[in-house]
Amino acid sequence: MPFLPDAENRGEREAIGVASFILSLRARGIRNIELLRAMELVPRDVFAPRRFADLSRTDVALPLPCGQTMTAPGTVASMLLALDVRSGHHVLEVGTGTGYMTALLAHLGAEVTTVERFNTLAESAAQHLKIVEAGRVRMEVGDGLATRVRERFDRILLNGARSEIPQTVTSHLGPGGRLVGALTVDGRPHLVQIERMADGELRQEIGAPLRISPLVTGIAATL
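Fair warning: this is a prediction, and the values are worked out from it, not measured in the lab.

Student: It is not clear to me how the packing of aromatic side chains should be interpreted in this structure. Could you clarify?
Tutor: For any pair of aromatic rings, the description rests on two quantities: the centre-to-centre distance and the angle between the ring planes. Across all of its chains, the model carries 1 aromatic pair by this definition. Geometry around Tyr100 places Arg44 over its ring, the cationic atom sitting 5.9 Å from the centre.

Next comes the structure, spelled out in structure tokens:
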């Protein structure tokens, strides 16, 4: 095999890493072509802490500042698959974190309002989103679980586990809307999906266990 210059060799390694990453998601049962394409094209290494960049294309959660965690890609994919985002959907994301999930939502065609309680993470996420040129994203610093004024969303994504899903959030689901997050059942987070039915009632469905950190209410404006 002929010698490859460093840049070419690095590019080949990255391509192999991306291919392995996508194959690992398919092995988990993620077969949605649009979602897999988004996860192929949105570079997780841009969003991962620099010291963990070599782990960005592996299915592991990564530690973040402020005691937070970057959710593992397999969990991200499972949540996005359940959310069933369509182009043009207005999505509320609670817990921006690094902005990786935000970028995926934008790549899938959503108009995203994302709320992060930590200033430090919000500022970092804004830079990440600028690098990948994620469009149609509005970022806020605050309590994403608090009541919002006269806003309705097609989809709501909670990036973390709760012991219960507050009515302050479900009240913002529009007709036919869907919320996806994690609900702690018997001490373990499980995927939860809540839909607004045609008669205005809510239908809740508990799914498989998830590896995801708790979602805390309130604002931490000093961090």
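On we go.
Student: Would you take a moment to explain the sheet that holds strand β4 (residues 111-116) for this structure?
Tutor: The strands making up a sheet associate through hydrogen bonds between their backbones, and the pairing can be parallel or antiparallel. Read from one edge of the open sheet, 7 strands run β5-β4-β3-β6-β7-β8-β9, paired in mixed fashion. Each having just a single partner strand, β5 (137-141) and β9 (202-209) make up the two edges of the open sheet. Here the average twist between neighbouring strands, direction ignored, is 15°. For strand β3 (residues 90-94) and β4, the ladder comprises 5 bridges, and the chain directions are parallel. Bridging across to β4, His90 finds its partner in Glu111.

Student: Please clarify how the pattern of salt bridges should be interpreted in this entry.
Tutor: With the rule as written, the count across this model stands at 10 salt bridges. Its salt-bridge partner being Arg138, residue Glu151 comes within 3.3 Å of it at the nearest N-O pair. Remark: Arg138 occurs in strand β5 and Glu151 occurs in the loop between β5 and β6 (153-162); sequence separation between them is 13 residues. Judged by its relative accessible area of 19%, Glu151 falls in the buried class. According to the relative accessible area criterion, Arg138 is partly exposed, its value standing at 40%. Three or more residues are tied together by salt bridges with common partners; here these are Arg138, Glu140, Arg148 and Glu151.

Student: Even after reading the chapter, I still don't get the pairing of β3, so can you show me in this structure?
Tutor: In summary, the side chains of a regular strand alternate between the two faces of the sheet. Among the 5 residues that make up β3, 5 are buried, leaving the element largely enclosed by the rest of the structure. Residue alternation in β3 divides its side chains into two sets, His90, Leu92 and Val94 and Val91 and Glu93, and both sets are buried. Note on the crossover from β3 through helix α5 (residues 100-107) to β4: the handedness is right-handed. When β3 meets β6, the two strands line up parallel, connected through 4 bridges. Looking at β6, one finds that Leu92 is bridged to Ile156.

Student: For this particular structure, what's the right way to read the environment of Arg150?
Tutor: Within the secondary structure, Arg150 is located in the loop between β5 and β6. Sequence separation between Arg150 and His172 is 22 residues; the distance between their C-alpha atoms is 8.1 Å.

Student: Is there a simple way to think about the nonpolar core in this case?
Tutor: Where a protein is soluble and globular, its nonpolar side chains tend to be buried together. Core analysis: the largest hydrophobic core is formed by 42 residues, its most contacted members being Met39, Leu80, Tyr100 and Leu105. When contributions to this core are tallied by element, the ones reaching two or more residues are α1 (6-27), α2 (33-41), α4 (73-83), α5, α6 (119-131), β6 and β7 (173-185). Per element, the largest residue contribution to this core is 6 residues, and it comes from α4. When neighbours within four sequence positions are excluded, Leu80 is seen to be in contact with Leu35, Val85, Met101, Leu104, Leu105 and Leu157. Among the nonpolar cores identified, the runner-up in size contains 15 residues, and Phe153, Leu158, Ile194 and Leu215 belong to it.

Student: I tried to follow the side chain of Glu93 on my own but got confused; where do I start?
Tutor: Considering the arrangement of structural elements, one finds Glu93 in strand β3. One buried charge, Glu93, has no salt-bridge partner; the nearest side chain with opposite charge is Arg148, at 11 Å. One polar contact links Glu93 to Asn159, side chain to side chain, over a distance of 2.8 Å. If near-sequence neighbours (up to four positions away) are discounted, Glu93 is found in contact with Met101, Thr102, Leu105, Val112, Thr113, Thr114, Val115, Leu157 and Asn159.

So, how was this worked out
Residues numbered from 1 in each chain as written. Predicted model: local features only at pLDDT ≥ 70, side-chain atom pairs only at ≥ 80, totals over all residues. Heavy atoms only, no water. Phe/Tyr/Trp six-rings, centres within 6.5 Å; stacked < 30°, edge-to-face > 60°. Lys NZ or Arg CZ within 6 Å of the ring centre and 35° of its normal. Pairing = 2+ DSSP bridges. Helix = DSSP H or I, 4+ residues; strand = E, 2+ residues; numbered from the N terminus. Axes fitted to C-alpha atoms, helices over the stretch in contact; angles between N-to-C directions. Salt bridge = Lys/Arg side-chain N within 4 Å of Asp/Glu carboxyl O. Buried < 20%, exposed > 50% of the residue type's maximum accessible area, 1.4 Å probe, protein only. Right-handed = clockwise from strand over helix to strand, strands pointing away. Core = buried A, V, L, I, M, F, W, Y, C linked by side-chain atoms within 4.5 Å. Contact = heavy atoms within 4.5 Å. Lys, Arg positive; Asp, Glu negative; His and termini not counted. Polar contact = N/O pair within 3.5 Å; in protein donor to acceptor, adjacent residues only side chain to side chain.

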